[in-house]
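# Structure at a glance
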Amino acid sequence: MLMINMDVLLLCIFGLFVLFLLPRAAIRFTHKREWTDGHFLRYTEVNAPSVSARSSGRGAVTITPMTRAHIPGNTSYDFEDKWGSSTDASHTYVSHADLLRKGSTASKRERSMQNVPTHMSGWSTMLPTLAGFLRTPLHRGMTVGKAAVALTYFGVVLYFALYKSNPMSNPIRAGFVAVSQIPIVVALGTKNNIVGALIGFGYERLNYLHRFAGRLCVLASNVHAVGYFYKWSIKGTFMESIAEPDMQSALVALIGMDLLFLLSTDYVRTNFYNSIFIPSHIGSVIMLLVAVCYHVPYALPYVLAATGIYGLDRLLRLVKTRVAVARLRPLPDLGVTRVEIPSVNAGWRAGQHVRLRVLSTGMGWRAWGESHPFTIASVPRSHSGEGMVLMCKKAGDWTNKLYDLAQRADYGEANGIGSNVRVAVEGPYGGPGHAIFASFSGALFVAGGSGITFALGAVQDLMKKDLECKSRVRTIELVWTVQDPSALQPMIPLFSSMLAQAQDTYASLRISVFYTRASSPDVLKAFRLPPGLTLSPSRPRIPAILQGVVDRSVTLFSGHKERQLSEGELSGVIVGVCGPSGLGNEVRKAVTSFPSHRRKAVGGLELHEEAFGW
């Protein structure tokens, strides 16, 4: 009964979190697209664009004819000759073919209504001081907020484990605690967990709590075992007691539990994720659950609950998987493999990722069992015909094999450029949760290295929504930091087309690239950059850049560069960051230390972080 009370208390605490976040979730799902996007991948027919609806300065809706590359008709710009107009020529991170059309995917009704999204500030915007304190980093991947959640969980479990009980004289209590936490550990470890769905967090953001709950479970199991070993040793009945059938089952369960811990360390996960971590996890969990049911019958309901949660997750993962033919393109200048999946062109939100599995013998016999996460680098319902686009940076054996496969002519076309392979794509997962990027007044996206995939997907999605009359964003800034400036060269066509498109949209766009190394002091002379794109030999000054975004958002609002039906005050600035931990800490510090009066003037700041690894 005591353990039931503990689980009820934990559920109540979780329910309190859900209650605080419920209003924002309700606002999010008042938008039709939020019910269909971000859950299941699919293919949908996209009507060829011909015209787009714009609201003129006088408030009337006008139809603007297509112009080449989104360049205003009175501007002379040799886009194709200077920057390239086909994705085959540029091989950029994401297709800019979709941006070369002035059309919109907005329906006739959407064009007439200008359906801008409703904005609701998050708790981090309403309580910036507290949010800044909770974001303070303590250790790699651990912040004050995460530590507070973990310590609260630990305090509840510890209280019920020690309440009127001594673990040495009454070791059965620790066993009750361990068994009662099994469903929670499993729920927090699934890709489609109900915990994350209710609070708007992806599984990757809850993984720290899964590991912490698992370690508590291991600790309780060993305290339970040591307590009995101690009692039996004092009585001199150790050999007789351990030989009993139920105790032998307990010993097997204990071995399974300890194997889970020993083979789940950071070193094993980092270096042997698919070869040791995953197989040992599956085998040890099966051993544990079967043995604990033989050990004590009261564990059966908890084991069945855990099995049901895991089974539901596997079913959903199967439903969310699409098998398709993908086009692989090697991008030597960037050291990445571009994966295009034309038969999947809808169902995700900007910032989400999928898990990719390559079904090809060219990857080796073991590759069939491996799936890897990659951020989606394209917008849904694109007219380019390339569908979903993923960028897979060479960072290990699997990604190196994928890059080699893309270069092999026997898997590709006659010209030997690229390969066609069958893949299984599972997702989408993660993303901005209950936040809607298009509901903010301004947006700043900071990316480091291959984190540009997240930033580009988010920026292009905002610009696409702007054409559909479904965005409040007035100013967008993209900051990209790289080690070598040569990484910019294959990106210039895409950046150019984005900047050209922005000339005739409500949202202003700036792109700044910073590099920390250069092979030659004259490296800048090798680039011909369009207006709005800058390249600088330094690290970005995030506080100054953020101040500029806030100032432009306020200025554009005061200058009435807004939609006819957009009313009310400024709705704040969303700051997104994806890259190394050092870059994330720098952006986090800039948001936390931003002057309060400027923060209030723009309607608040909200930070969204995407991590390279979990």
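Shown above is the structure to which this text applies.
Residues numbered from 1 in each chain as written. Predicted model: local features only at pLDDT ≥ 70, side-chain atom pairs only at ≥ 80, totals over all residues. Heavy atoms only, no water.

## Thoughts on the sheet that holds strand β16 (residues 605-611)
Taken together, six strands build an open sheet; the order of strands is β14-β13-β12-β11-β15-β16 and the sheet is parallel. Among the strands making up the open sheet, the edge pair consists of β14 (533-536) and β16. For this sheet, the mean angle separating the axes of adjacent strands, direction not counted, is 15°. Bridge count between strand β15 (residues 573-579) and β16: seven bridges; the pairing is parallel. In the strand pairing of β16, Gly-579 is matched with Ala-611. The sheet strands contacting helix α20 (residues 492-502) are β12 (475-482), β13 (508-515) and β14, and the helix crosses β13 at an angle near 155°. (Pairing = 2+ DSSP bridges. Helix = DSSP H or I, 4+ residues; strand = E, 2+ residues; numbered from the N terminus. Axes fitted to C-alpha atoms, helices over the stretch in contact; angles between N-to-C directions. Contact = heavy atoms within 4.5 Å.)

## Structural notes on a nonpolar patch on the surface
Together, Leu-16, Leu-19, Phe-20, Leu-22, Trp-123, Met-126, Leu-127, Leu-130, Phe-133 and Leu-134 make up a nonpolar patch on the protein surface, roughly 970 Å² of accessible area in all. Of all the secondary structure elements, the ones that give two or more residues to the nonpolar patch are α1 (2-28), α6 (123-126) and α7 (128-134). Per-element accounting of the nonpolar patch gives the leading share, four residues, to α1. Here Leu-22 lies in helix α1. Under the relative-accessibility criterion, Leu-22 is labelled partly exposed at 46%. (Patch = residues over 30% accessible without salt bridge, like charges linked within 9 Å, V, L, I, M, F, W, Y side chains within 5 Å. Areas by Shrake-Rupley, 256 points an atom, 1.4 Å probe, with all protein chains shown as cover. Salt bridge = Lys/Arg side-chain N within 4 Å of Asp/Glu carboxyl O. Buried < 20%, exposed > 50% of the residue type's maximum accessible area, 1.4 Å probe, protein only.)

## Brief notes about the sheet that holds strand β5 (residues 321-331)
An order of β8-β7-β10-β5-β6-β9 is seen for the six strands of this open sheet, with the pairing classed as antiparallel. The open sheet has two free edges, formed respectively by β8 (372-375) and β9 (388-393), since each of these has just one partner strand. Taking the axes of each pair of neighbouring strands and ignoring which way they run, one obtains an average angle of 40° across the sheet. Summarising the sheet, β5 and strand β6 (residues 336-341) pair through five bridges and their orientation is antiparallel. Considered in β6, the bridge of Pro-330 is made with Thr-337.

## Remarks on the packing of aromatic side chains
Scanning the model with the defined rule gives 17 aromatic pairs in all. Consider the rings of Phe-374 and Trp-398, whose centres lie 6.1 Å apart with planes at 25°: the pair is stacked. Taken as a pair, Phe-374 in strand β8 and Trp-398 in helix α18 (residues 397-407) lie far apart in primary sequence, 24 residues in all. The class of Phe-374 is buried, set by a relative accessible area of 9%. Of the aromatic side chains, those joined through ring pairs into one cluster are Tyr-228, Phe-229, Trp-232 and Phe-238. Above the ring of Tyr-403, the side-chain terminus of Lys-394 is found at 4.4 Å from the ring centroid. (Phe/Tyr/Trp six-rings, centres within 6.5 Å; stacked < 30°, edge-to-face > 60°. Lys NZ or Arg CZ within 6 Å of the ring centre and 35° of its normal.)

## Considerations on the pattern of salt bridges
The tally for this structure, following the rule as stated, stands at 17 salt bridges. The partner of Glu-606 in a salt bridge is Arg-24, and the shortest N-O contact between them spans 2.7 Å. With Glu-606 in strand β16 and Arg-24 in helix α1, this residue pair connects regions lying 582 residues apart in the sequence. One salt bridge in this structure joins Arg-42 and Asp-37, with 3.4 Å as the shortest N-O distance. Accessibility expressed as a relative area gives 28% for Arg-42, which makes it partly exposed. Residue classification places Asp-37 among the buried residues on the basis of a relative accessible area of 8%. Among the ionic contacts, a cluster of salt bridges with common partners joins Arg-329, Arg-338, Glu-340 and Glu-386.

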